[in-house]
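# Per-entry structural report
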Amino acid sequence: MDDVATCAQEIGPYLHTLRKILSVMGPQSSFQSSLKTLLKTLAEDHGMLRPHISIFDPETKHLKVSLTHAQMKNAQATYEPGQGITGQVFTTGQPVVVPVMKEHPAFLNKAFGRTEEELGKLAFVCVPVLSPNKDSEGAQEVIGTMSVDIPREPVDMLEAHCRFLEVVAGMIANQAAYLQEEIARQKHLIAQGLMAGSSDMDSEAPNIVASSKPMRLVLNQVRQVGPSRATVLLRGESGTGKELFAEAIHQASPRAEMPLVKLNCAALPSELVESELFGHQKGAFTGAVQNKKGLFELAHQGTLFLDEIGELSLSAQAKVLRAIQEQEIQRLGSEQTINVDVRVICATHQNLEEQVENGQFREDLYYRINVFPIFIPPLRERREDILPMAEHFLKVYAKEYSKDIKRVSTPAIELLNQYDWPGNVRELKNCLERAVLLCDESVIRTYHLPPTLQTAESSATDTNLSFCDAVAKFEQELLVDALKKAKGNMLQAARDLRVSYRIVNYKVKKYGLDAKKFSSSGRSKK
Ligand SMILES: Nc1ncnc2c1ncn2[C@@H]1O[C@H](COP(=O)(O)OP(=O)(O)OP(=O)(O)O)[C@@H](O)[C@H]1O
């Protein structure tokens, strides 16, 4: 009887957790939120640290941490099959218990950056995650691993945790398979430029600075409308943050884990926009060599962001109206109706009311998308945001370019505050990126700001440069601008500056610039 009681005492907490996990795995919850709850439960109920699931990407043939209930140091870390404990468990399909991380030669500590002290105090348990093999009935394949850190314990206790984790991993086979598919789907959308962000399933909500009263109001509106299904119309000048707020609305909605698909209606010729939005059947028109899904289908259960909606042709407008109202679409060249569950967010900098008056924009579509309009004021009308934003972008870029820049000098702040910012937040962001690149001190000064912001006195009062130093600064500015424009291509920069490659190469070295860094900054759209 004593043995039974001891046994019940030992397995009681495990059973309790298993019951909890089963209760969140019902059809009512999405696979991702079930998995997240599961990891949280492991941490909270069993003191397991950094519980995480790594999934194998068949395309890159690497494993990557795809969900975790912990802060990662290196979210991009990957493991080849066989590499480290994670790679070994994946390859062999057998669990591994590491009693002390520090003492195991195969323990790589790639993703979480544990300290030396932790490595000496923690054990690691990693079990395979299996899923039914699609190609062979009854068989299973390893699609990833589930791992936890555990404060050091006797080996038989660690073994018991390991058995328990194997049971848990067995329960999540289907969810893990969905996770693998979703990662592939998101990668595909990102590669096509149809979805924002990284394929990290754990990525944070967009980083928004909103100090001024009008922007706090905008944030409130985002919070109010986010969870609903309402169509939102974001209005504001170019660069005010419409796309960023569209992302925030999507993040605040129950659709957050499904795709946010974007289309800039002005970026494609009107005849292509319809095929992009609704897809086409093979042979629908010359060049339609195979069936293609449209963005409405790709955004199913997620959100579709239509930027520059005022640029849609009248024929596309009619189809978008139908898709929003009836929740169904037809691919070009097909009679078949496809049901789509898509929330639409639109944006424009144009005067849609005027376009309705002129017959360029359908009135019924205007009313349909104008259910919840949000106006984002230009930056010059909310100057309280300038300094907090400048500080925010300074931090972002100082980190990106590994520079130890602490602050913006008072005269430089004055210049930022005086300027009218016709390009709005985008211009301010670019301005800070440039300043960080140019700055080799701990403070951003007026001469690090672009000439458009400078006034004669401002640049003179702040610097006491000799003629030679001033010329050198100016030369460096020109060089940085040219390299940014040429995305780090020194040959192109030389052509633009109309000097030889040899000179550019020499100056780049002289000023200690790294041309490669400009290629990464040039990759982002804005
Ligand atoms: N409040 C904010 N906080 C932090 N970053 C912001 C903010 N507003 C805008 N940004 C940044 O400024 C840049 C421009 O914003 P965004 O692309 O959202 O503008 P937009 O209004 O959609 O422009 P366009 O109409 O030209 O497409 C982006 O890099 C965005 O992240």
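Just above sits the structure.
Notes on the structure in this doc start here. What you see is a predicted model, and the numbers here were worked out from it, not measured in a lab.

## Focus: the site of the ligand
Surrounding the ligand, one finds 18 residues, the nearest of these being Val209, Ser238, Gly239, Lys242 and Lys429. Contact between the ligand and glycine 239: an oxygen atom at 2.9 Å from a main-chain N or O atom of the residue. At 2.7 Å from an oxygen atom of the ligand is found a side-chain nitrogen or oxygen belonging to lysine 429. Taking 630 Å² as the accessible area of the ligand by itself, protein coverage stands at 92%. If you list the elements that add at least two residues to the shell around the ligand, you get helix H8 (242-251), helix H14 (386-400) and helix H16 (424-438). Shared between two domains, the shell around the ligand takes at least three residues from each, and those domains are domain 2 (213-377) and domain 3 (382-523).

## Quick word on the pattern of salt bridges
Opposite charge on two side chains allows them to pair when their charged atoms are near. In this structure the tally under the stated criterion is 27 salt bridges. With its nearest N and O atoms 2.6 Å apart, the salt bridge here joins arginine 114 to aspartate 149. Taken together, the residues arginine 114 in the loop between strand E4 (96-98) and helix H4 (116-121) and aspartate 149 in strand E6 (residues 140-151) connect sequence positions 35 residues apart. This pair shows no difference in class: arginine 114 is buried, exactly as aspartate 149 is. Notably, a salt bridge pairs arginine 163 with glutamate 159, separated by 3.3 Å at the nearest N-O pair. With a gap of four residues between them, arginine 163 and glutamate 159 both fall in helix H5 (residues 155-171), about one helical turn apart. Salt bridges sharing partners connect three or more residues here, namely Arg50, Arg114, Glu118 and Asp149.

## Remarks on the sheet that holds E6
Two modes of strand pairing occur in sheets, parallel and antiparallel, and in both the strands are linked by backbone hydrogen bonds. Across the sheet, six strands lie side by side as E3-E2-E1-E6-E5-E4; this open sheet has antiparallel pairing. The sheet terminates laterally at strand E3 (78-79) and E4, the two strands that pair on one side only. Where strand E1 (residues 49-57) lies against E6, five bridges are found, and the strand directions are antiparallel. Across the sheet, leucine 49 pairs through a bridge with aspartate 149, a residue of E6. Across the sheet, helix H3 (residues 84-92) touches E1, strand E2 (62-68), E3, E4, strand E5 (122-132) and E6, and the angle it forms with E5 is around 35°. Here H5 sits on the sheet and contacts E4, E5 and E6; the angle it forms with E5, its principal contact strand, is near 25°.

## Re the sheet that holds strand E11 (residues 303-307)
Strand order in this open sheet of five strands is E8-E11-E14-E7-E15, and the pairing throughout is parallel. Edge positions in the sheet fall to strand E8 (260-264) and strand E15 (372-375), since each of these pairs with one other strand and no more. For this sheet, the mean inter-axis angle between neighbouring strands, taken without regard to orientation, is 20°. Where strand E7 (residues 232-235) meets E15, four bridges bridge the pair, whose relative direction is parallel. Looking at E15, one finds that leucine 233 is bridged to proline 373.

## Some words on a nonpolar patch on the surface
A cluster of nonpolar side chains, contributed by Phe474, Leu478, Leu497, Val499 and Ile503, occupies part of the molecular surface with about 380 Å² of accessible area. Position of isoleucine 503 relative to the elements: it lies in helix H20 (residues 501-510).

## Comments concerning the pairing of E1
When a strand is regular, its side chains alternate between the sheet's two faces. Counting buried positions along E1 yields eight of nine residues, so the element is predominantly enclosed. In this structure, E1 lies alongside E2, joined through six bridges in antiparallel fashion. Bridge pairing in E2 links serine 54 to valine 65. Where E1 hands over to E2, the hairpin turn is made up of four residues, of which lysine 61 adopts a positive phi near 60°.

## Brief notes about helix H19 (residues 490-497)
Met490, Ala493 and Ala494 are the residues of H19 that are buried. Projected down its long axis, H19 carries its buried residues within an arc of 100°, all on one side. Where H19 begins, the side chain of asparagine 489 points an oxygen toward the backbone nitrogen of leucine 491, at a separation of 3.0 Å. With its phi angle positive at about 55°, arginine 498 sits one or two positions after the end of H19.

## Description of empty space enclosed by the protein
This model, assessed by the stated rule, comprises two cavities of 30 Å³ or more. A volume near 100 Å³ is recorded for the largest cavity. What lines the largest cavity is a set of 14 residues, and nearest its centre among them are Tyr79, Thr86, Phe107, Asn109 and Phe124. Sort the elements by how many residues they give to the lining of the largest cavity and H3 lands first, with three residues. Classifying every residue of the lining of the largest cavity gives eight nonpolar, four polar and two charged. Approximately 40 Å³ is the volume found for the second largest cavity. If you go around the second largest cavity, the residues you meet are Leu438, Tyr447, His448, Lys473, Gln476 and Glu477. Ranked by residue count, the leading element in the lining of the second largest cavity is helix H18 (residues 467-485), at three residues. Its residues assigned to classes, the lining of the second largest cavity comprises two nonpolar, two polar and two charged.

What counts, and where the lines are drawn
- Residues numbered from 1 in each chain as written.
- Predicted model: local features only at pLDDT ≥ 70, side-chain atom pairs only at ≥ 80, totals over all residues.
- Heavy atoms only, no water.
- Near = heavy atom within 4 Å.
- Polar contact = N/O pair within 3.5 Å; in protein donor to acceptor, adjacent residues only side chain to side chain.
- Areas by Shrake-Rupley, 256 points an atom, 1.4 Å probe, with all protein chains shown as cover.
- Helix = DSSP H or I, 4+ residues; strand = E, 2+ residues; numbered from the N terminus.
- Domains from an automatic or database assignment.
- Salt bridge = Lys/Arg side-chain N within 4 Å of Asp/Glu carboxyl O.
- Buried < 20%, exposed > 50% of the residue type's maximum accessible area, 1.4 Å probe, protein only.
- Pairing = 2+ DSSP bridges.
- Contact = heavy atoms within 4.5 Å.
- Axes fitted to C-alpha atoms, helices over the stretch in contact; angles between N-to-C directions.
- Patch = residues over 30% accessible without salt bridge, like charges linked within 9 Å, V, L, I, M, F, W, Y side chains within 5 Å.
- Arc of directions from axis to C-beta.
- 1 Å grid on protein atoms, 1.4 Å probe; cavity = no way out; pocket = protein on both sides within 12 Å on 5 of 7 lines; lining within 4 Å.
- Points joined across faces, edges and corners; volume = space filled by probe spheres on them.
- Nonpolar A, V, L, I, M, F, W, Y, C, P; charged D, E, K, R; others polar.

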